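Working through the structure, step by step
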Amino acid sequence: MGKEREWNRPARRVRRGRAGLLFGGLGFGLCVIGVAGLALWNVQVLWRANGPVRETADSFLHEVAAGETDRAYDKLCRQARSKWSAVGFGSWLRTPPQVRGYEITDVSVATRRGVPQATVKARLTRDGGASEDRTLSIVQEDGKWRICGDPF
């Protein structure tokens, strides 16, 4: 029979860093998916908010132009109501030249620190036909959009 063959094990290649690259790529992929999901959620919130913000501003301006100051006052945020009493707000709106008409020209909704906020630009028509551009700040309070700041 002859000689016995020597057995040699093939040399094993050391693959350093492959596992690290795999886990790093997986982590990066999860981060990208998370950021994309958050961005999509933000866009969805803003798109859904545009309609209610416009409705709030339209209702407020309609009531102001119609002279329904109590109903308009109810649409103000807490901060604005703390500056004005209902009577003071009503008499301020009745001071000439009064608002007789309006046109909403732009609605913008954004989030700041995760809180949705909006601005509505409107062209107000006053007694005598003079018009002026105004920006209304609108915030969300207790699930409702409310006019905040100094509307006029």
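Model, not experiment: these values are computed from the prediction.

Re the packing of aromatic side chains
- Following the criterion strictly, the structure yields 4 aromatic pairs and no others.
- Measuring from centroid to centroid gives 5.8 Å for Tyr 73 and Phe 89, while their planes differ by 55°, and the two rings are tilted. Taken together, the residues Tyr 73 in helix α2 (residues 69-73) and Phe 89 in helix α4 (residues 86-93) connect sequence positions 16 residues apart.
- Residue classification places Tyr 73 among the buried residues on the basis of a relative accessible area of 13%.
- Each ring, one from Trp 84 and one from Trp 92, has its centre 4.4 Å from the other, and the planes form 20°; the classification is stacked.
- Given the relative accessible area of 25%, Trp 84 is considered partly exposed.
- For Trp 92, a relative accessible area of 27% translates into the label partly exposed.
- An aromatic cluster of three or more residues is present, and its members are Tyr 73, Trp 84, Phe 89 and Trp 92.

Rules behind the numbers
- Residues numbered from 1 in each chain as written.
- Predicted model: local features only at pLDDT ≥ 70, side-chain atom pairs only at ≥ 80, totals over all residues.
- Heavy atoms only, no water.
- Phe/Tyr/Trp six-rings, centres within 6.5 Å; stacked < 30°, edge-to-face > 60°.
- Helix = DSSP H or I, 4+ residues; strand = E, 2+ residues; numbered from the N terminus.
- Buried < 20%, exposed > 50% of the residue type's maximum accessible area, 1.4 Å probe, protein only.

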